[in-house]
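What follows is the residue order along each chain.
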Amino acid sequence: MPGGPGSSARTSVRVVVVGDRGTGKSSLISAVASESIPEKVPPVHPPTRLPLDFYPDRVPVTIIDTSSSLENKGKLNEELKKADAVVLTYACNQPMSLSRLSSYWLPELRSLEVKVPVIVAGCKLDLRSEHLAVSLEEVMGPIMQQFREIETCVECSATTMIQVPDVFYYAQKAVLHPTGPLFDHDSQGLKQRCVRALKRIFILCDQDMDGVLSDVELNDFQVKCFNAPLQPAEIVGVKRVVQEKQLDGVNDLGLTLNGFLFLHALFIEKGRLETTWAVLRKFGYGDDLELRDEFLPVPTKLAPDQSVELASEAVEFLRGIFGLYDIDNDGAVGPTELEDIFSAAPESPWDEAPYRDAGEKTALGNLTLNGFLSEWALMTLLDPRRTLANLIYIGYGGDPASVFHVTRRKSTDRKKQRTERNVFRCFVFGSKSAGKSALLNSFLARPFSENYYPTTCERYAANVVDQLGGTKKTLILQEIPEDGVKKVLSSKEYMATCDVALFVYDSGFIASSLPPVTQLPVHHGKGKSAVMGCHAFLLQPRMTWIHVESQYKIQQWYRTIFGYLDYMQVSQEMGIEPPIHLSMKVRDSNNIFSRIVRAAEHPHLNIPETEIGKSRKRYRHLVNSSLMFVSVGAAVTIVGLAAYRAYAARRNASA
C-alpha cells in the first residue's frame, strides 16, 4: 500500500545539538547549512534555519548549536527546554565520547526533564581507524535499551558529507511523525491508543458494516488518505503480504481489522511512520491520538450562568447506542459492554473521577439507561469538548455543530419566571459527617452504610428525576467537601453555575460544635444572601436555597453572635422554604430530589435576602413612592390649571 508524508500541524522544528567538546557539533551544522564541506568552522555555530523545501515534509528546521563549557551550562539548559528534538553527538574516533553518552549526557537530559526525541549522531566517521570499527547496532543496542528516548542513531562525516542531511532529517521526522504514541518497543506492538484510533478508522471505512474492507473499500481508503488509487495487482499484493504473516488478517470478503492493524505495525517496523501518521491525521487525530480541536466545534464565550446541554438528536443517538449494546434487554449495560461502546475512543471517559460511580447502577454493578444518559449529561456540563469527542469516537455521524444546546442566562429565566433547562446543578454543602455522601448515594439508589468515609474532593451524582406530567429532568448533585467550601464560595463565576444550593445538617445536634459567625467570611452580592456552607456565610445574588435536616449524623454547625442559629426562624426571615426533614438510614427521602428540581424550575423563588437587601428594597420602594407622589402632585396641578382656564373662558363669554 503506497503512502506519503502525513501533514502535521507544526510550522517549524527546533533541533538543539549537544555533546562533548570536539565531537563535531559545529562542523556538522556548517556542513548541512552550506551543503558542502566546511572550511572554517566557528566554535559555536550561530542559529541556522534550513529552507522550507530542504526535506519532503516542507517544514523548516532551525538548528541551535551549543557549547559544552561549564560557564555556558545555564544557556545550554535554556536551549534544551525549548527543543523539539535533540541531536546528541559523539566522535567515532574517540571511544570516551561514546561512553559519555550513557554516563553523562542522557542522564543529564532526563534530570532536566527534556522529554523530546533524541537522535544520536556519530561524527568524524572518516577519522575512525579500522581497529575501532564495530557494528553500530552492537554499540548502540544496549544504550537504546536503557534510554528509550533515543529515536535512532546515525554515523556521519562533515568532511566527506556522508549522511549529514540524514541526521536532521531523522530529527525532523521524529518530531513530525513520532514513534512514541504509536509503537511500544518493549512489547514490539502497537500501543493501545493507536489500536483504538485505527479501529475507529477501520469502522468508518467499512461502509457496508460487514467487518472487513472489501477491495472497493480498501481503494476508497487509499484515495481518501493519499489521493492515489490502488491498482488491482497492488491490492492483491497487500492482501498476500498480510496473509503470509497474519492468518486471520484476510478472509474471502477482504481485509479484516486484524489485517488492517498488522499492516500499520509493519509500516512502523520498517520505519514508514509517516504512512500511519498520514492516515491518522486525515481522520482528525493529533500527536496525542485524540481528535484535534478543529474537528470539535464546541460553544465558547458563555456567560457564567449559562450551561451546555445535549440536543435531542444527540440524546436519541445515545439511546440507540445503549439499546444496541443492551443485548439482553434488561435496561443495563455491564463493564464489558461499556468497554465495547468506547473501544474506538482513546480510553473509556468514565474510568476515573469525577465520572466513575457518578451514575445509577443495578445491584450487579451494571449501568442503567438513566445512569448512562446522566453520565453524558454530567460530562457535557463539565467538559463539552470531551463529550463531543467521545460522541464522534462511538460513531455519531451528525453535524458536530448541532450536538449542543446552550441554555439562556439565568437572569433571563428569573425575569420570565421559568426555565427551559433540562439539566440542573445542585451544590450540596454541609459539615463533615452531616450526611452529604449518604444523600448522594440515596440519589443513585445505593444502600445506606453505617461506615463513615470522608469526602476529600468534589464528588458528583447524576440521575434522571421524573416530574409530574411525565417530564424528565436530569439532576446533578455536587458534594462540596468542607475543606473546599471557602474556595467555592469565593468565586462568583463558579457559584453562578449552581441552580440550587442544598445545605445538609443534623437536626439532632444543632447546639454543639458551631463556629462563631465572626470567624466566617461574608460575601455580599446585590442584596440577596443566604446562610450557607462550611465555615462560611454566602451572600450570593441569584440562587435557590433549600435546607435539609439529616437525622442520623452527629455533627452540625453555625452559631450566631447571639447564640445558636434557629433554622426555622432564619428560613422565614430570608424568605426560603423551611428545613426538609429526611433520613437516608430509613430511606425516607421526603421527595427531596423532586423538590430540588421544582425549585430549579422556578428560579425567581426561594432566593434568600439579607438585611442589606431588605434595606435596598425599602429604599427603592421609598424612591418609587416619592416619584408617585410627585407624579400625582403634578397631575393635580395640571387639572387645576385646566379648570381655571375653562372658568375664565366661560366668564369672558358671558360678558
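Participant: How do you make sense of the overall build of the protein when you look at a structure like this?
Facilitator: Within the protein one finds 21 helices and 25 strands. Going through the 655 residues of the protein one by one, you find that 48% of them count as buried. Partitioning the contacts of the protein with sequence separation of at least 6, the portion at a separation of at least 24 is 70%. Accessible area of the protein: about 32,400 Å², with a carbon and sulfur share of 54%.

Participant: In this structure, what is going on with the environment of Ile341? I would like to understand it.
Facilitator: For Ile341, the position within the fold is in helix α12 (residues 335–341). Overall, Ile341 belongs to the buried group, its relative accessible area being 4%. Residues Ile341 and Ile321, 20 residues apart in the sequence, show an inter-C-alpha distance of 7.8 Å. If we skip the residues at most four places from it in the chain, Ile341 touches Ile321, Tyr325, Phe372 and Ile394.

Participant: Help me understand the layout of surface pockets, please; the structure alone is not making it clear to me.
Facilitator: In this approach, a probe sized like a water molecule rolls over the atoms, and the result shows the empty space that is left. Taken as a whole, the largest pocket encloses approximately 1,000 Å³ of empty space. If you trace the largest pocket, you find 36 residues lining it, with Ile150, Glu151, Thr179, Gly180 and His185 closest to the centre. For the lining of the largest pocket, the elements supplying multiple residues, two or more each, are α4 (136–146), β6 (150–155), α5 (164–176), β7 (183–184) and α9 (257–269). Here the residues of the lining of the largest pocket are counted per class, giving 14 nonpolar, nine polar and 13 charged.

Participant: Help me understand the pattern of salt bridges, please; the structure alone is not making it clear to me.
Facilitator: If charged atoms from side chains of opposite charge come close, those side chains can pair. Scanning the model with the defined rule gives 26 salt bridges in all. Between Arg100 and Asp20 there is a salt bridge whose closest N-O contact spans 2.9 Å. Within this pair, whereas Arg100 is found in helix α3 (residues 95–111), its partner Asp20 is found in the loop between β1 (13–19) and α1 (25–34), the two being separated by 80 residues in sequence. You can call Arg100 partly exposed: its relative accessible area is 29%. For Glu347, the salt bridge is made with Arg193, and the minimal N-O distance between the two is 2.6 Å. A residue pair is termed long-range when its members are at least 10 positions apart, and Glu347 in the loop between α12 and β14 (367–368) and Arg193 in helix α6 (residues 192–205) qualify at 154 residues. Classification of Glu347 as partly exposed rests on a relative accessible area of 37%.

Participant: Where do I start with the confidence of the model for the protein in this structure?
Facilitator: Detailed reading of the predicted coordinates is not advisable wherever pLDDT is low. Averaged over every residue, the pLDDT of the protein is 83; the share at 70 or more is 79%. Throughout residues 1–6 the model reports pLDDT below 50, and contacts reaching past four residues in sequence, or to other chains, amount to 29 contacts. Scored below 50 in pLDDT, residues 549–565 makes 86 contacts in the model with residues more than four places away or belonging to other chains.

Participant: What exactly am I supposed to notice about the packing of aromatic side chains here?
Facilitator: What describes a pair of aromatic rings is the distance from one ring centre to the other and the angle between the planes of the rings. This model, assessed by the stated rule, comprises 16 aromatic pairs. When the centroid spacing of 5.4 Å and the interplanar angle of 75° are considered together, the rings of Phe221 and Phe260 count as edge-to-face. With Phe221 in helix α7 (residues 215–226) and Phe260 in helix α9, this pair connects stretches of sequence that are 39 residues apart. For Phe221, a relative accessible area of 1% corresponds to the buried category. Where Phe342 meets Trp350, the ring centres are 5.2 Å apart and the plane angle is 75°; that geometry is what we call edge-to-face.

Participant: Explain the pairing of strand β3 (residues 61–65) here, please?
Facilitator: Across the five residues that make up β3, a large majority, five, are buried. Covered by surrounding structure in β3 are Val61, Ile63 and Asp65 together with Thr62 and Ile64, the residues of both alternating faces. Here β1 pairs with β3 via five bridges, running parallel. Pairing of Val13 across the sheet is with Val61, part of β3. Pairing of strand β2 (residues 48–50) with β3, which is carried by three bridges, proceeds in the antiparallel orientation. Counterpart to Thr48 in the pairing with β3 is Ile63.

Cut-offs and rules
Residues numbered from 1 in each chain as written. Predicted model: local features only at pLDDT ≥ 70, side-chain atom pairs only at ≥ 80, totals over all residues. Heavy atoms only, no water. Helix = DSSP H or I, 4+ residues; strand = E, 2+ residues; numbered from the N terminus. Buried < 20%, exposed > 50% of the residue type's maximum accessible area, 1.4 Å probe, protein only. Contact = heavy atoms within 4.5 Å. Areas by Shrake-Rupley, 256 points an atom, 1.4 Å probe, with all protein chains shown as cover. 1 Å grid on protein atoms, 1.4 Å probe; cavity = no way out; pocket = protein on both sides within 12 Å on 5 of 7 lines; lining within 4 Å. Points joined across faces, edges and corners; volume = space filled by probe spheres on them. Nonpolar A, V, L, I, M, F, W, Y, C, P; charged D, E, K, R; others polar. Salt bridge = Lys/Arg side-chain N within 4 Å of Asp/Glu carboxyl O. pLDDT = per-residue confidence, 0-100. Phe/Tyr/Trp six-rings, centres within 6.5 Å; stacked < 30°, edge-to-face > 60°. Pairing = 2+ DSSP bridges.

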